[in-house]
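What the coordinates show
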Amino acid sequence: MVGSVHMNGSVHGANGTEERLDELRRLLGKSEGDLLKIVSVGAGAWGSVFAALLQDAYGHFREKVQIRIWRRPGRTVDRSTAEHLFEVINSREDVLRRLIRRCAYLKYVEARLGDRTLYADEILKDGFCLNMIETPLCPLKVVTNLQEAVWDADIVVNGVPSTETREVFEEISKYWKERISVPVIISLAKGIEASLDPIPRIITPTQMISSATGVPTENILYLGGPNIASEIYNKEYANARICGSNKWRKPLAKFLRQPHFIVWDNSDLVTHEVMGGLKNVYAIGAGMVAALTNESATSKSVYFAHCTSEMIFITHLLTEQPEKLAGPLLADTYVTLLKGRNAWYGQMLAKGELSPDMGDSIKGKGMIQGISAVGAFFELLSQPSLSVQHPEENKQVAPAELCPILKRLYRILIKRELPVRDILQALRDETMNDPRERIEMAQSHAFYRPSLLGKP
């Protein structure tokens, strides 16, 4: 155990920061005076926090590493957000002093008075993420030109939502046609696409990136875990897994590890990536149930029993050894139900403060990735070619027919043919099987479909 922990870097502690940086530089073939260039593509909450963590840990080694973040230009900060931002600044003496010292405070005063328009890339330079105003970060080096950001980057962090990953990396590929060295890519995106032709299968963000750029899968990794971005930056104890090839996952786990942010490594890239998308599906429903039942502990526990049984059922379709995923999946689900944006979105729908017609990009929260995941999982698991034996009726049915919560969420969020309140019917249906039976059925039958993850 000590050896394993040592491999992930904890033995070095804070005093080993420069040594970890030097070790990664050597692995990437960087000579003295040649900067290790790291760029985070996308400035949502997690992408911004990830860049800020690296900047805090390594940014002072200016002759060895350059850490930057790209976001699209032109996004304005509305008046109400500017007013709230001004309150946040004045409530934090350290932030207030920093802005005054950098001669940056006056523009926030002017924005508060309505005399100036602020831009998202402008405030990000001062450490304010538009999706996470209440958690000031360290100042960041912001680039708004994508070509400038990525063309010679050694490590690229994918911080854009899964729904935008393909488009952004297809553009990036245009700028990499002439490059000789192959970059390392760390994807933070949680979500999937469904490909139904010629055979039904899941496409994950890392697969989108490889397809768009031609970067070999050996150089693409996924990092995820049961965490909330703002809490990680505030040094709440957290852990994550970086998944991918042995060549890169162990040195990167060591490089990313901090006293309050423990990074383990795992070889099972695609399955962990898919699980990160799956829990978002059920988090939306959990938020709905919580709001519709006035935070009833009993109703929430009933929902949790049914949704976990569906997730376990689905993991048996996706992997030969689903028991290895039980802990990470439940932990990630738990934290998302407690404080994640997908559960929050479900609550806002149930309270009538949002509606499905407003789309999946929400002011102050960013992309609600669970919405597209609902559509992808349901459409995929509705394919007749994946049919399984019904536990009571002597016939073959599509897997989605055995997932009543997933089916209701699809009809509410994607088809928009049922009201939000109808999610409760999925819990109160007297004909519904005991969730234990769904788990037993999954465990007692050979449900594994390797083709779903593109395996032979």
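Bear in mind that the values here come from a model prediction, so they are computed numbers and not experimental data.

Criteria and cut-off values
- Residues numbered from 1 in each chain as written.
- Predicted model: local features only at pLDDT ≥ 70, side-chain atom pairs only at ≥ 80, totals over all residues.
- Heavy atoms only, no water.
- Helix = DSSP H or I, 4+ residues; strand = E, 2+ residues; numbered from the N terminus.
- Rg over C-alpha atoms; globule rule 2.2 N^0.38 Å.
- Buried < 20%, exposed > 50% of the residue type's maximum accessible area, 1.4 Å probe, protein only.
- Areas by Shrake-Rupley, 256 points an atom, 1.4 Å probe, with all protein chains shown as cover.
- Lys, Arg positive; Asp, Glu negative; His and termini not counted.
- Charge placed at Lys NZ, Arg CZ, Asp CG, Glu CD.
- Core = buried A, V, L, I, M, F, W, Y, C linked by side-chain atoms within 4.5 Å.
- Contact = heavy atoms within 4.5 Å.
- UniProt positions renumbered as here; feature names shortened; annotations may be inferred.
- Salt bridge = Lys/Arg side-chain N within 4 Å of Asp/Glu carboxyl O.
- Polar contact = N/O pair within 3.5 Å; in protein donor to acceptor, adjacent residues only side chain to side chain.
- Pairing = 2+ DSSP bridges.
- Axes fitted to C-alpha atoms, helices over the stretch in contact; angles between N-to-C directions.
- Parallel < 35°, antiparallel > 145°, perpendicular 65-115°, else oblique.
- Nonpolar A, V, L, I, M, F, W, Y, C, P; charged D, E, K, R; others polar.
- Arc of directions from axis to C-beta.
- Left-handed = near helix turned anticlockwise from the far one by under 90°.
- Right-handed = clockwise from strand over helix to strand, strands pointing away.
- Phe/Tyr/Trp six-rings, centres within 6.5 Å; stacked < 30°, edge-to-face > 60°.
- Lys NZ or Arg CZ within 6 Å of the ring centre and 35° of its normal.

1. Here we look at the overall build of the protein chain
Looking only at helices and strands, the protein chain has 20 helices and 16 strands in total. Computed over the C-alpha atoms, the radius of gyration of the protein chain is 23 Å, within 12% of the 23 Å expected from 2.2 N^0.38 for a compact globule of 456 residues. With the C-alpha coordinates aligned to their principal axes, the bounding extent of the protein chain is approximately 70 × 50 × 45 Å. The buried share of the protein chain, reckoned over its 456 residues, is 56%. For the protein chain, the exposed area adds up to about 20100 Å²; of that, 48% sits on carbon and sulfur atoms. The averaged location of the 54 negative side-chain charges in the protein chain is 3 Å from the averaged location of its 55 positive side-chain charges.

2. Observations concerning the nonpolar core
One finds Tyr282, Phe313 and Phe377 to be the most contacted residues of the largest nonpolar core, which totals 62 residues. Of all the elements in the fold, those that place two or more residues in this core are α13 (269-292), α14 (297-318), α16 (341-350), α17 (369-381), α18 (404-414), α19 (425-428) and α20 (435-444). Tallying contributions element by element places α13 first for this core, with 12 residues. The contacts of Phe313, once residues within four sequence positions are left out, are Val388, Pro399, Leu402, Cys403, Arg438, Met441, Ala442 and Phe447.

3. A look at the UniProt feature "domain: Glycerol-3-phosphate dehydrogenase NAD-dependent N-terminal" (unreviewed entry) in the protein chain
Using the residue numbers shown here, the UniProt feature "domain: Glycerol-3-phosphate dehydrogenase NAD-dependent N-terminal" (unreviewed entry) corresponds to residues 140-242. The straight-line gap between the two end C-alpha atoms of residues 140-242 is 24 Å; of that span, 32% is helix and 26% is strand.

4. Regarding the side chain of Arg20
With respect to the secondary-structure elements, Arg20 resides in helix α2 (residues 17-27). It is Glu19 that comes nearest to the buried, bridge-free Arg20 among opposite-charge side chains, at 6.9 Å. A distance of 3.4 Å separates the side chain of Arg20 from the side chain of Tyr58, its partner in a polar contact.

5. Side note on the sheet that holds strand β2 (residues 65-70)
If you trace the 8 strands from one edge of the open sheet to the other, you get β5-β2-β1-β6-β7-β10-β11-β12, paired in mixed fashion. On the outer flanks of this sheet lie β5 (141-143) and β12 (261-266), each paired with one strand and no other. For this sheet, the mean inter-axis angle between neighbouring strands, taken without regard to orientation, is 25°. The sheet contact formed by strand β11 (residues 238-243) and β12 spans 6 bridges and is parallel. From the neighbouring strand, Cys243 faces β12, where its bridge partner is Asn266.

6. Here's the deal with the packing of helix α4 (residues 79-91) against helix α5 (residues 93-101)
The geometry of a pair of packed helices is captured by two quantities: the angle between their axes and the separation between those axes. It is at 5 Å that the axes of α4 and α5 come closest, and there the two elements cross at 100°. Relative to α5, the element α4 lies roughly perpendicular. Residues Ile89, Asn90 and Ser91 of α4 pack against Glu93, Val95, Leu96 and Leu99 of α5. Split by residue class, the contact of α4 with α5 holds 4 nonpolar, 2 polar and 1 charged.

7. A closer look at α2
When we look at burial in α2, the residues that qualify are Thr17, Arg20, Leu21, Leu24 and Arg25. Summarising the axial view, the buried residues of α2 lie within an arc of 140°, below the 170-degree limit, and thus occupy one face. In the core, the buried residues of α2 are packed alongside β1 (36-41), α3 (45-58), β2, β6 (155-158) and α12 (246-256).

8. Re the packing of α13 against helix α15 (residues 326-339)
One can describe the packing of α13 onto α15 by two numbers: an axis separation of 9 Å at closest approach and a directional angle of 40°. Comparing their axes, α15 and α13 come out oblique. For the crossing formed where α13 meets α15, the hand is right-handed. Taken together, the residues of α15 that come into contact with α13 (itself represented by Met275, Gly276, Lys279, Asn280, Tyr282, Ala283 and Ala286) are Leu329, Asp332, Thr333, Thr336 and Leu337. The class makeup of the residues in the contact of α13 with α15 is 6 nonpolar, 4 polar and 2 charged.

9. Remarks on the environment of His390
Among the secondary structure elements, His390 is positioned in the loop between β15 (388-389) and β16 (396-397). Among the residues examined, His390 registers a relative accessible area of 15% and is labelled buried. Expressed as a C-alpha distance, the spacing of His390 and Gly285, which sit 105 residues apart in the sequence, is 24 Å. Ignoring anything within four residues of it in the chain, the contact list for His390 reads Lys395, Val397 and Leu402.

10. Focus: the environment of Gly225
Looking at the element boundaries, Gly225 is found in the loop between β10 (220-224) and α11 (229-233). In this structure, the C-alpha to C-alpha distance between Gly225 and Ala238, residues 13 residues apart in sequence, is 8.4 Å. With sequence-adjacent residues up to four places away left out, Gly225 is seen in contact with Lys190, Asn239, Ala240 and Asp332.

11. Thoughts on the pairing of β1
Within a regular strand, the side chains alternate between the two sheet faces. Most of β1 is tucked away: 5 of the 6 residues are buried. When β1 meets β2, the two strands line up parallel, connected through 6 bridges. Paired with Val39 across the two strands is Arg68, which belongs to β2. Bridge count between β1 and β6: 4 bridges; the pairing is parallel. If you follow Ser40 over to β6, its bridge partner there is Val157.

12. Observations concerning the pairing of β6
Burial along β6 is two-sided: Ile155 and Val157 and Val156 and Asn158, pointing in opposite directions, are all buried. In this structure, β6 lies alongside strand β7 (residues 184-187), joined through 4 bridges in parallel fashion. Opposite Val157, over in β7, you have Ile186 as the bridge partner. The parallel pair β6 and β7, bridged by helix α9 (residues 162-175), forms a crossover whose chirality is right-handed.

13. Thoughts on the packing of aromatic side chains
Tallied over the full model, the rule gives 6 aromatic pairs. On the numbers, 6.0 Å between centres and 25° between planes, the contact of Phe86 with Tyr105 is stacked. Of this pair, Phe86 sits in helix α4 while Tyr105 sits in helix α6 (residues 105-112), and the two are 19 residues apart along the sequence. A residue is classified by how much of its surface remains accessible, and Phe86, at 17% relative accessible area, is buried. Within the aromatic cluster, the residues linked to one another by ring pairs are Trp46, Phe50 and Phe261. Of note, Arg179 hangs over the ring of Trp176, and the distance from its end group to the ring centre comes to 5.3 Å. The residue whose ring lies beneath Lys365 is Trp344, and the NZ or CZ to ring-centre distance is 4.9 Å.

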